Amino acid sequence: MDDRNRPLEVATLRLIAAYGLVVKALKLLPLPIEVPAVLDSNVWTAEIRESLVRTCELLNDLPMEEPFRAQVRLILIDWITGSDVLFDAQEEFADWKTDFARIQADRITASWHLVKAMHDRK
């Protein structure tokens, strides 16, 4: 097994799990937004990235409290950047890239808890 395969696999699985939290967060919006579902690591394509970028732009048009909007935006940006760096790591491996993707997944989890708490307080 190539030395880079295991860190890539772990980071990929973490981002796939974090994507589930992205989907959940978008369902809590005043007007829920659906994005493509991720089935496995081979499915996150430019389509998903573009969908999340468009969703970031749409957040400005939705009626919601600014702290809630900011946390949802953070979840989206963390996932986009994590997946971009991880995709790059598949082409040109570096330990910091897989570390970055795992850290982004942790940040998404923390932001998800804040988003959920803010939503539940309404």
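Residues numbered from 1 in each chain as written. Predicted model: local features only at pLDDT ≥ 70, side-chain atom pairs only at ≥ 80, totals over all residues. Heavy atoms only, no water.

Novice: Sorry, what's going on with the overall build of the chain here?
Specialist: Of regular secondary structure, the chain possesses four helices and zero strands. Order of helices (α) and strands (β) in the chain, N terminus to C terminus: α-α-α-α. Against the compact-globule benchmark of 14 Å for 122 residues, the chain has a radius of gyration of 15 Å, which places it among compact chains. For the chain, the spread of C-alpha atoms along the principal axes amounts to about 50 × 25 × 20 Å. Buried positions account for 41% of the 122 residues belonging to the chain. Across the chain, contacts joining residues at least 24 apart in sequence account for 70% of those joining residues at least 6 apart. If you sum the accessible surface of the chain, you get close to 6900 Å²; carbon and sulfur atoms cover 55% of it. (Helix = DSSP H or I, 4+ residues; strand = E, 2+ residues; numbered from the N terminus. Rg over C-alpha atoms; globule rule 2.2 N^0.38 Å. Buried < 20%, exposed > 50% of the residue type's maximum accessible area, 1.4 Å probe, protein only. Contact = heavy atoms within 4.5 Å. Areas by Shrake-Rupley, 256 points an atom, 1.4 Å probe, with all protein chains shown as cover.)

Novice: Sorry if this is basic, but what is going on with helix α1 (residues 5-27) here?
Specialist: For an α-helix the count is 3.6 residues per turn, leaving residues at separations of three or four pointing the same way. The first and last C-alpha atoms of α1 sit 33 Å apart over 23 residues, in line with the 33 Å expected at 1.5 Å per residue. Those residues of α1 that fall on the buried side of the exposure criterion are L8, A11, T12, L15, A18, Y19, L21, V22, A25 and L26. Contacts from the buried residues of α1 go to α2 (46-58), α3 (66-91) and α4 (95-121). (Expected span 1.5 Å × (residues − 1).)

Novice: Teacher, can you tell me more about the packing of α1 against α4 here?
Specialist: Each pair of packed helices can be described by the angle between their axes along with the distance between the axes. Where α1 contacts α4, the two axes come as close as 9 Å, and the packing angle between them is 25°. It follows that α1 is roughly parallel to α4 by the angle criterion. Handedness of the crossing formed by α1 with α4: left-handed. Seen from α1, the contacting residues are P7, L8, V10, A11, R14, L15, A18, L21, V22, K24 and A25; seen from α4, they are T98, A101, R102, A105, D106, I108, T109, W112 and V115. (Axes fitted to C-alpha atoms, helices over the stretch in contact; angles between N-to-C directions. Parallel < 35°, antiparallel > 145°, perpendicular 65-115°, else oblique. Left-handed = near helix turned anticlockwise from the far one by under 90°.)

Novice: Looking at this structure, I do not really get the side chain of T55. What am I missing?
Specialist: Along the chain, the position of T55 falls in helix α2. Judged by its relative accessible area of 2%, T55 is buried. If we skip the residues at most four places from it in the chain, T55 touches L26, I33, V35 and L76.

Novice: Help me out: how do you make sense of the packing of α1 against α3 in this one?
Specialist: Following both chains from N to C, one finds α1 and α3 inclined at 155°, their axes separated by 10 Å at the closest point. Overall, the two elements α1 and α3 adopt an arrangement that is roughly antiparallel. For the pair α1 and α3, the crossing hand works out as left-handed. Across from L8, A11, T12, L15, A18, Y19, V22, A25 and L26 in α1, the residues of α3 making contact are V72, I75, L76, W79, G82, S83, L86, A89 and Q90. Among the residues making up the contact of α1 with α3, the classes are represented as 14 nonpolar, four polar and no charged. (Nonpolar A, V, L, I, M, F, W, Y, C, P; charged D, E, K, R; others polar.)

Novice: So what exactly am I meant to see when it comes to the pattern of salt bridges here?
Specialist: Two side chains of opposite charge can pair, provided their charged atoms sit close to one another. Per the stated rule, a full pass over the model turns up eight salt bridges. Among the ionic pairs, R69 bridges to E66, the shortest N-O distance being 2.9 Å. With R69 and E66 both in helix α3 and three residues apart, this pair spans about one turn of that helix. Overall, the relative accessible area of 9% leaves R69 in the buried class. Residue E66 is classed as partly exposed on the basis of its relative accessible area, which comes to 45%. Notably, a salt bridge pairs K97 with D88, separated by 2.5 Å at the nearest N-O pair. Judged by its relative accessible area of 35%, D88 falls in the partly exposed class. (Salt bridge = Lys/Arg side-chain N within 4 Å of Asp/Glu carboxyl O.)

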